[in-house]
Amino acid sequence: GGASAVTGHAVRRLDLFVTERCNLACEYCLAGTDQSMPHMDPEVAFRTVDLAYAVNHPSFTFEFSGGEPFLRFGLMQKLVEHIRDHPRRAGREVYICMQTNGTLINPERARWLAENRILVGLSLDGNPESHNLSRPQVNGKESFSKVLQGLDLMREAGVAFGILVVLNRSNIHSPNQLIRFMQDQGIDQFKLNPIAFLGTARSDWDRLALDQEQILDYFQRLGRLLVDCEQDIYEANLMDMVRHLVSKQRQSRCLRGHCGAGDSFNAVAADGSIYPCGRATQSPGLKLGNILHEPHSLNRPGRHNLHIQRIRERRPKTLEDCVDCHYRELCQGGCSVQAFERYGTVQHKTPE
């Protein structure tokens, strides 16, 4: 549904779309529900890890994504072993994370996550009514109870996880409900991403989209509630914006002028296609190459790519409508990839 709830570390990052198939039918997602959506072949997966380690970098983050990655649990098990025991790891620090809808987690899988210290981003759109409206199962049935069961199993196993909430028309009405839900579930950190012009949302954008005023109003109310809340609950985007104000640090990859897409991180789709980041995997114009045809390094495909060059040069002060905005340093004009998808250029702010 967008950027991961696991924001990761200041390291070389690689997203592996181990499948592009899903068991949910979210209205706004990059994934697909039909059987024609591809799974990642083991040859592609292992070669991706090999090329990642060919990059001269002291630490790495690998994220399993999709689709629903637990549809490829066997492949993930083998990949984790390959990542941990790779001959070219050479003592380098490695983090492994994943983004999941949580519906396929059972006790065995929860133990596996804990034993392998895998950081989990769990997609959850708030209380049962809001979540089930935006994230039904493929068969149309509710998914909330299955997600909550997966959450409880991870908590019992000691898995480190955060929550990713997609702000959409089903849950924008009341930030109070979202905060109460977080309190009731004992969740102290989450990331709230407005619905993006990506995936299935593109074909029905006029019905699904939120406008700037709705998003701004929601975040303002949410911020006030978080400040007044007796329990410490942190929302990642607001935390990053506050950090920008008080320290000028740019730790979030999605709230920087030069986000690093195609340079410090890449994504590999199920068919082996290389993209600047996970949000780009259905944007053919941003395809950088294919893992099976790349003999040396993941860095090479983006080195001389025109779109990546423009992402490197993108700054909010040069974007139309952002030039005179006093708050442009907070949001950085939004996501380069989403701007490209909506307007055909990265030199544009995103719709929200």
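Note: the structure precedes this text.
A quick note: this is a predicted structure, and the numbers were derived from the prediction, not measured.

Peer 1: How should the packing of aromatic side chains be read in this particular structure?
Peer 2: Between two aromatic rings, the relevant description is the distance of the centres plus the angle of the planes. Summed over all chains, the structure comprises seven aromatic pairs. Aromatic side chains Phe73 and Trp112 sit 5.1 Å apart centroid to centroid with 90° between the ring planes, which places their arrangement in the edge-to-face category. Of the two residues, Phe73 sits in helix H2 (residues 73–84) while Trp112 sits in helix H3 (residues 107–115), which places them 39 residues apart along the sequence. Its relative accessible area of 9% is what places Phe73 among the buried residues. By the ring-pair criterion, three or more aromatic residues cluster together here, those being Tyr53, Phe60 and Phe62.

Peer 1: Just checking my understanding: could you explain the side chain of His131 for this structure?
Peer 2: In this fold, His131 is placed in helix H4 (residues 128–134). The exposure class assigned to His131 is buried, which follows from its relative accessible area of 0%. Non-local contacts of His131, meaning those with residues more than four positions away in its chain, are made with Ser123, Leu124, Asp125, Gly126, Ser143, Phe144 and Val147.

Peer 1: How should I be thinking about unusual backbone geometry in this particular structure?
Peer 2: The phi angle of most residues is negative, glycine excepted, and most peptide bonds adopt the trans form. Following Gly66, the chain continues to Gly67 via a peptide bond in cis, the omega torsion being 25°. The residue Gly67 is located in the loop between strand S2 (59–65) and H2 in this model. Here Asp321, not a glycine, exhibits a phi torsion of approximately 75°, which is positive. Position of Asp321 among the secondary structure elements: in the loop between helix H11 (306–313) and helix H12 (328–331). What makes Asp321 exposed here is its relative accessible area of 54%. One non-glycine residue, Gln332, adopts positive backbone phi at about 60°. Here Gln332 is to be found in the loop between H12 and helix H13 (336–343). Assessed through its relative accessible area of 4%, Gln332 is described here as buried.

So, how was this worked out
- Residues numbered from 1 in each chain as written.
- Predicted model: local features only at pLDDT ≥ 70, side-chain atom pairs only at ≥ 80, totals over all residues.
- Heavy atoms only, no water.
- Phe/Tyr/Trp six-rings, centres within 6.5 Å; stacked < 30°, edge-to-face > 60°.
- Helix = DSSP H or I, 4+ residues; strand = E, 2+ residues; numbered from the N terminus.
- Buried < 20%, exposed > 50% of the residue type's maximum accessible area, 1.4 Å probe, protein only.
- Contact = heavy atoms within 4.5 Å.

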